[in-house]
Amino acid sequence: MRRSLLIGWTALFLTAAPAGWAVDAARLYGDKCAPCHGGGGQGTQTAPPHKGNPFITQGEPEAIKEVILKGRQGAEKKYPDIPIEMPGGLVTEKQAEALVGYMKGALQTSEEGFLRGRCAPGEHRGRHCDRRGMR
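Right, let's walk through the structure included here. Note that this is a predicted model, so its numbers are computed, not measured.

Cysteine pairs can be covalently joined through their sulfur atoms, and such a bond is termed a disulfide. Counted according to the given criterion, the structure contains zero disulfides. The thiol sulfur of Cys-33 is not disulfide-bonded, and the nearest other cysteine sulfur, from Cys-36, lies at 8.9 Å. Residue Cys-33 is classed as buried on the basis of its relative accessible area, which comes to 11%.

Spelled out as structure tokens, the structure:
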């Protein structure tokens, strides 16, 4: 009895845990990137666009991941007309990898940017959003 209970719990853990550990890249983008880069990745006055940006669409995943992890400050800052620097250290390495996949894939092909109706604070994209973001 005890052994079958242990086997059952182990099986449940092994099948359920990976899904729980997965990174929701669209939500992460909304939380960490969209406040500056815009909910659809269209760019804002404080950050360049991700949607259609050749660095994202044609760039190497490792180079994009490095910018996500370390940011761009000082001499590494690429857009002089944008007043702020990109901070680093906002996400983990695993989250950065998920963001790269999202930015190179779903963000580029999505009409609205966010999947699942997610919106960034201040964006008004219909009945699902208010000033604070997702309702």
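Next comes the rest of the account.
To continue, consider the nonpolar core. Inside soluble globular proteins, nonpolar side chains tend to come together where they are buried. Counting 17 residues, the largest nonpolar core has Tyr-29, Ile-64, Ile-68, Val-91, Leu-99, Tyr-102 and Met-103 as the members making the most contacts within it. Counting residues per element, the ones that place at least two in this core are α2 (25-37), α4 (61-70) and α5 (93-104).

A few words now on the environment of Thr-44. For Thr-44, the position within the fold is in the loop between α2 and α3 (54-57). Between the C-alpha atom of Thr-44 and that of Ile-82, which follows or precedes it by 38 residues, the distance is 9.1 Å. Ignoring any residue separated from it by four or fewer positions in sequence, one finds Thr-44 in contact with Cys-36, His-37 and Gly-38. Within the structure, Thr-44 has its side chain in polar contact with the side chain of Thr-46 (distance 3.0 Å).

The rules behind the values
- Residues numbered from 1 in each chain as written.
- Predicted model: local features only at pLDDT ≥ 70, side-chain atom pairs only at ≥ 80, totals over all residues.
- Heavy atoms only, no water.
- Disulfide = S-S within 2.5 Å.
- Buried < 20%, exposed > 50% of the residue type's maximum accessible area, 1.4 Å probe, protein only.
- Core = buried A, V, L, I, M, F, W, Y, C linked by side-chain atoms within 4.5 Å.
- Helix = DSSP H or I, 4+ residues; strand = E, 2+ residues; numbered from the N terminus.
- Contact = heavy atoms within 4.5 Å.
- Polar contact = N/O pair within 3.5 Å; in protein donor to acceptor, adjacent residues only side chain to side chain.

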